[in-house]
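Structural overview for review
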Amino acid sequence: MAEKLDVKQGTLALMILKTLEVLGPLHGYGINRRIEETSKNRLTLNYGTLYPALLKLEQEGFITAEWRPSENNRRAKYYALTAAGRKQLAREAREWHQTADLIAAFLGARRETP
Amino acid sequence: MRYLRAALRRLAGFFTGHRQDDELREELQSHLDMETAEYIRRGMDPEAALRQARLSSGGLPQAAEAVRDQRGLPWLERAAADLRYALRSLRHSPGFTTVVVLTLALGIGANTAIFSVVRGVLLKPLPHREGNRLVYLRQSHDGPGGGNVQFSVPEVHDLRSGAKSLGGIAEYSPFFATLEGKDGAIKIDIGLVTGNFFEVMGLSPVLGRLTLPSDDGTGVPPVMVLTHEFWMRRFGGDSSIVGKQVSLNGGSATVIGVLQPAPFFPDKVDAFFNMVVSPHHLSALMIQGRTHRMTEVVARLTPTATLAQARAEVAAVYTRMVGEFKESYDPGSHYRVGVIPFKEVLGERARLTLWLLMGAAAFVLIISAANVVNLTLMRGVRREHELVVRAALGAGVARLRRLLLVENLVLTFLAGGLGVLIGIGGVGLLTAFAERYSPRAGEISLDGVVLGFTLTLSVALALLLAFVATLPKEGSFAAWIGAGGRRMSGGLRKSRLQRGLVVAQIAVSVMLLAGAGLLTRTMIQLSQVDTGLQTEEVLTMQVSLLNPARMTPAADAESKLLLDRMRQEIAGLPGVTEVGLGSHIPLGSSLLSFDLAAEGKSLAVGEAIPRGDFRTASPEYFHAAGIPLLKGRNFSSTDRAGTERVVIVNQTLADRFFPGEDPLGKRIAWTGEVLKFTPIRGDWRTIVGVVGNTQDGGLDALPRLAVYQPFAQEFTMFGGLVIRTDSNAKALARAATRIVQRIAPTAPIENVLTVKQIKDQSVAPRRLNAELVSLFGVLAVVIAAVGIAGVLAFSVSARTNEIGIRMSLGADSGRVQRMVLKEGVVLVALGLALGVTGAFLGAQVIQGLLFGIAPRDPVTFVGVVVLMAAIGISACWIPALRAARVDPAITMRST
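Just so it is clear, the structure is predicted and the values come from calculations on it, not from any experiment. (Residues numbered from 1 in each chain as written. Chains lettered and ligands numbered in written order. Predicted model: local features only at pLDDT ≥ 70, side-chain atom pairs only at ≥ 80, totals over all residues.)

1. A closer look at the overall build of chain A
The line we're drawing: In this text, helices come from DSSP runs of H or I with a minimum length of four residues, and strands from runs of E with a minimum of two, each type numbered from the N-terminal end. Burial in this document is a count-based property: other C-beta atoms within 10 Å of a residue's C-beta are tallied, and the residue is buried at 20 or more, exposed at 12 or fewer, or partly exposed in between, with C-beta positions derived from the backbone. Here contacts are defined at the residue level, using C-beta atoms placed from the backbone and a cut-off of 7 Å between them.
Scanning chain A from N- to C-terminus turns up four helices and three strands. Each helix and strand of chain A, ordered N terminal to C terminal, gives the series α-β-α-α-β-β-α. When each of the 114 residues of chain A is scored for burial, the buried share is 28%. Within chain A, contacts between residues separated by at least 24 positions form 53% of all contacts whose residues are at least 6 apart in sequence.

2. Some words on the overall build of chain B
So the rule is basically this: Our radius of gyration is a C-alpha quantity, and the globule rule it is checked against amounts to 2.2 Å times the number of residues to the power 0.38.
Across its full length, chain B carries 27 helices and 21 strands. Taken over C-alpha atoms, the radius of gyration comes to 38 Å for chain B, far larger than the 29 Å a tight globule of 895 residues would show. Principal-axis analysis of the C-alpha atoms places the extent of chain B at approximately 140 × 80 × 55 Å. The buried share of chain B, reckoned over its 895 residues, is 42%. A separation of at least 24 residues holds for 84% of the contacts in chain B among residues at least 6 apart in sequence.

3. Regarding the interface of chain B and chain A
Formally: Side-chain classes follow a simple rule in which Ala, Val, Leu, Ile, Met, Phe, Trp, Tyr, Cys and Pro form the nonpolar group, Asp, Glu, Lys and Arg form the charged group, and the remainder, Gly included, forms the polar group.
Chain B puts 23 residues into the contact, and the matching count from chain A is 17 residues. Mapped onto the side of chain B that touches chain A, the elements with two or more residues apiece are α1 (2-41), α2 (46-57) and α3 (60-71) of chain B. When residues in the side of chain B that touches chain A are grouped by element, the largest group, twelve residues, is from α1(B). Counted by class, the side of chain B that touches chain A contains seven nonpolar, eight polar and eight charged residues.

4. Let's talk about the pairing of strand β16 (residues 646-650) of chain B
Residue and element names in this part refer to chain B. Inclusion rule: Paired strands, as defined in this entry, are two strands with at least two bridges between them according to DSSP.
For β16, the buried fraction is high: five of the five residues fall into the buried class. Every second residue of β16 is oriented toward a common face, with Val646, Ile648 and Asn650 on one face and Val647 and Val649 on the other, all of them buried. Taken together, the two bridges between β16 and strand β19 (residues 705-710) define a ladder with antiparallel strand orientation. In the sheet register, isoleucine 648 faces β19, and the bridge partner there is tyrosine 708.

5. Side note on the confidence of the model for chain B
A low pLDDT means the predicted coordinates there should not be read in detail. Residue and element names in this part refer to chain B. For the record, the criterion: pLDDT is defined as a per-residue confidence score from the predictor, taking values between 0 and 100.
Chain-level statistics for chain B give a pLDDT mean of 86 and a share of 95% at 70 or above. Scored below 50 in pLDDT, residues 485-490 shows 15 contacts in the model against residues more than four places distant or in partner chains. The ipTM assigned to the predicted complex is 0.87, against a pTM of 0.75.

6. Considerations on the environment of B:Thr376
All names here are of chain B. By the secondary structure assignment, threonine 376 is in helix α13 (residues 351-382). Taking the C-beta count within 10 Å as the criterion, threonine 376 has 22 such neighbours and is therefore assigned buried. Taking C-alpha positions, threonine 376 is 38 Å from arginine 521, a pair spaced 145 residues apart along the chain.

7. Some details on the nonpolar core
What tends to happen in soluble globular proteins is that the nonpolar side chains get buried as a cluster. All names here are of chain B. Just so we agree on the cut-off: Core membership is restricted to buried Ala, Val, Leu, Ile, Met, Phe, Trp, Tyr and Cys residues, and these are joined into a nonpolar core through C-beta atoms within 7 Å. Where a domain begins and ends is set by an automatic assignment or by a domain database.
With 103 residues, the main nonpolar core has Val364, Val510, Phe776, Ala780 and Ile788 as its most contacted residues. Here this core gets 17 residues from one element, more than from any other, and that element is helix α23 (residues 755-798). Formed jointly, this core draws a minimum of three residues from each of two domains, domain 2 (74-127 + 352-489) and domain 4 (502-529 + 759-895). Excluding residues that lie within four positions of it along the chain, alanine 780 makes contacts with Phe363, Val364, Ile367, Val508, Ser509 and Leu512. Counting 62 residues, the second-largest nonpolar core is a separate cluster that includes Val223, Ala271, Ala299 and Tyr318.

8. Quick look at the domain arrangement of chain B
Considered domain by domain, chain B is made up of domain 1 (2-72), domain 2 (74-127 + 352-489), domain 3 (142-334), domain 4 (502-529 + 759-895) and domain 5 (545-747). Taken over C-alpha atoms, the centre of domain 2 of chain B sits 61 Å from the centre of domain 5 of chain B.

9. A closer look at the packing of helix α1 (residues 11-23) of chain A against helix α2 (residues 28-38) of chain A
Residue and element names in this part refer to chain A. The cut-off we apply is this: Helix axes are fitted to C-alpha atoms over the stretch in contact, other axes to C-alpha atoms as well, and angles between N-to-C directions run from 0 to 180 degrees. Geometric relationships in this document are graded by angle, where less than 35 degrees denotes roughly parallel, more than 145 denotes roughly antiparallel, 65 to 115 denotes roughly perpendicular, and other angles denote oblique.
Direction vectors running N to C along α1 and α2 enclose 105°, while the axes themselves pass 10 Å from each other. Taken together, α1 and α2 sit at an angle that is classed as roughly perpendicular. Packed against α1, whose contacting residues are Met15, Ile16, Thr19 and Leu23, the element α2 presents Ile31, Arg34 and Ile35 at the interface. For the contact of α1 with α2, a count of residues per class yields five nonpolar, one polar and one charged.

10. Remarks on unusual backbone geometry
All names here are of chain B. Here the residue pair phenylalanine 265 and proline 266 is connected by a cis peptide bond, since its omega of 0° sits within 30 degrees of zero. Here the phi dihedral of asparagine 751 falls at roughly 55°; this positive angle occurs in a residue that is not glycine. Within the element layout of this structure, asparagine 751 appears in strand β21 (residues 749-754). Asparagine 751 gets classed as partly exposed once you count the C-beta atoms within 10 Å, which come to 18.

11. Here we look at the packing of helix α6 (residues 153-162) of chain B against helix α11 (residues 307-324) of chain B
All names here are of chain B. Rules: We call a crossing left-handed when the near helix sits turned anticlockwise from the far one by less than a right angle, and right-handed when that turn is clockwise.
Two elements in contact, α6 and α11, have axes whose closest approach is 10 Å; the angle formed by their N-to-C orientations is 130°. When the axes of α6 and α11 are compared, the pair comes out oblique. α11 is crossed by α6, and the crossing has right-handed handedness. Counting all contacts with α6, which are made through Glu155, Asp158, Leu159 and Gly162, the residues of α11 involved are Glu313, Val314, Val317 and Met321. Its residues assigned to classes, the contact of α6 with α11 shows four nonpolar, one polar and three charged.

12. Brief notes about helix α3 (residues 47-60) of chain A
Residues and elements named next belong to chain A. Note the following rule: In this analysis, the expected span of each helix is defined as 1.5 Å times one less than the number of residues it contains.
For α3, with 14 residues, the first-to-last C-alpha span of 20 Å sits near the 20 Å given by 1.5 Å per residue. Burial runs high along α3: ten of the 14 residues are buried. Looking at α3, one finds that the buried residues are Tyr47, Gly48, Leu50, Tyr51, Ala53, Leu54, Leu55, Lys56, Leu57 and Gln59. Once α3 ends, the next one or two residues include glycine 61, with phi positive near 85°.

13. Thoughts on the environment of B:Ala432
All names here are of chain B. For alanine 432, the location among the structural elements is in helix α15 (residues 397-434). With 10 C-beta atoms packed within 10 Å, alanine 432 lands in the exposed category. On a C-alpha basis, the gap between alanine 432 and glycine 612 in space is 34 Å, while along the polypeptide they are 180 residues apart.

14. Regarding the environment of B:Ser589
All names here are of chain B. Along the chain, the position of serine 589 falls in the loop between β12 (576-582) and β13 (593-598). Each C-alpha atom of the pair serine 589 and aspartate 696 lies 5.2 Å from the other, and the pair is 107 residues apart in sequence. Setting aside anything within four residues of it in sequence, one finds serine 589 in contact with Asp696 and Gly697.

Put into structure tokens, the structure is as follows:
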């Protein structure tokens, strides 16, 4: 089994937004599975991490929530991306790429001989 | 925007959150169900699938709690819970709560009240535009009456042309006038001003206009500007006052405006007039007489000038003046000039007293805070059990500390609120007190700044209290709990802190008591000063009949006639034994003093020219006032206009001019340039009698030289009546006043006082000082006594087991009692030593407030030490007795 990682502060929100962008409206369980699968099970989320993060995004206006029947006819709360959420996703993704490039450049540097 | 929206939703969640709980539970459950179903689909049996799903969920209740935290405002919810808890816990210890709130409230109240006064009188910026650029100029010289001699018009002129750092010079001549109204006449204090006065002072009208340069000179109509205070007092704030005519000194003047509230120095002013009101002020005598000093000077520094520059320039101009006009500046009297910031001079008389009171109040607060800290420490120890249980149930140190902080905030805010109420009462009392000392008493108010001060005090105290209750480190709870939650407590560090606080309380109390003792003895010394009057059954009153602007011989003759009619009619009242007339009432300051010369006596080089007080007296005056005739003869009816000029002098004058000689038959004369501005002549006058000294101008006034002329030979001046009665002089006041009003309906009547009242007035400010500081002292001692008794009682209760063991091993109750007493006596002795040292060093500071005793008066110090020791030891006695009554059998069994 691969090494387990903790979800870094702030990155979970980005993962949720991206998941909703790719898969469309989805319930908490679906989001959870998708994140775990995408991370090849290196990330596990318990409810106490996921649901406060969803609520926070909802409070910030990036996602909306709605009760509707699920694929096997149970009631579930579906989350969907808002316009503001899309913008936020684009912005955060851009920032992440920049940061990642920067860090990669730094770590890629070789030891210089004086 | 995003944060604002999130915050608003959370705030909404705080109130509606509980309704969403069901929904949340359903959502979490559906997640669990779906996950379980997934595990079953992968081939797990249902039971194992559910277990696996639960495991990966991390716990539904925990998740629900985490969401709830995100939903509402958890800190607000916790704070509300803390507050509820604090209130409940305080309600359960009403004794503790009451003592803490009361002692703190007294401390905070005293500080709030006195800080209001200090701020209003000393600290607030002046109401004048750029008031910090105003400076007061004071000319003074040595000897009685030389403290502030004002300036003459030529002197002001020299300053104006010589001192360039003074951008403007505002001059006003303090004077008085008779204002007639429907309900009789009153004497008012006025300022005669030039047109630029208000511009330089930086003051504005609240109504109408102020004087302008066009109001200067002769031939202009007389105009009047009311001060705000006088407008309210006399005219009830009548807004239609502008443009009205008032009757003044028999003439009239037009009210042109009302001035904004503003303080004046050295004395309060009721109204301002242009110079035309007093022909004298426009005469050549006034304008050219260098020694005719009748003008107060306030100047405005130019925007670039500093105080130091102004001082240097004024000093240079003054030195030049003194060199050029030697005859106007008696070298022996050491004339000098001071440049003082106006704000500073306004607080001059109040400063020492106020800082003393502020210090005393701060001391009381320190003592009560120390007491509260001690009480909190003790209560903390008693609550250890409770805190341990809370810790065991999961409350961290931070949470416990927050609990204590909320509790202390509740306590201190209660105390602060009560303190503000006490402060409001105190400010009322203190404002009346401050009026004696400061022209700015009207600016005292309990405003936002003062409330902020109180609030800051309260919060600071709460923080302090929360952090002295030393909580154990996070890890050590286990040990605590292991000890069964009943630790035999009061660790060494804590008890050292308690003891240190008790020592400090006693030391501070001693210092306060020493101050109170010194001030009380001052008051007693002062009230025992001999006035020089042999009886107290004397009523005085001052009836100013002469119009100060028109002192003609005809007017004078008329006023003498009226006064004599008053004398005769009042003498006919039942109970009156004698009535005397004079220029001034006895014991009042003369306001008229001039240089004196004695025939055949010359001054030594550098000796100051002696000054004497001018007074007149009818033949009945001395006997009516009870002033003893020591030598020679009294005036008689033959000493009248046209006969030889004779005088009676007081003992001080006789000793000053004729030491070891018989003064009778010697001649003295008024002298100096100033005489030419007065109706008084400089002829030689023969001394025919010597009378005893009287304490004119206050019981603490220095002895003055007094010269009495026959009433009939001089101008009446202020017109004083002295009424001797066989009993209860006070009861006669009304009947006598009625007679005076009937004979002279337009004359203002002042100083209707018995000799006893005059004495009381003179002692009153010092009595109030003594009473206030004594009140603080008593408060401090009571709180300190509670403090020491409390700490010892606590120490006894913590040592009950030990005492039980000692007693069962043979210690008798006397021995136990001594043991506890010794513990207390050491603290008292330490406190006394520290306090006496502090008081000894500090006493010098209040020397200016003392009279008749040294700042290190041994009687006071010994008295204070004995008193404090007695109280301290008595306070130790109660816990000592309780220790002695410990029953060894009971304590041993309960261990």
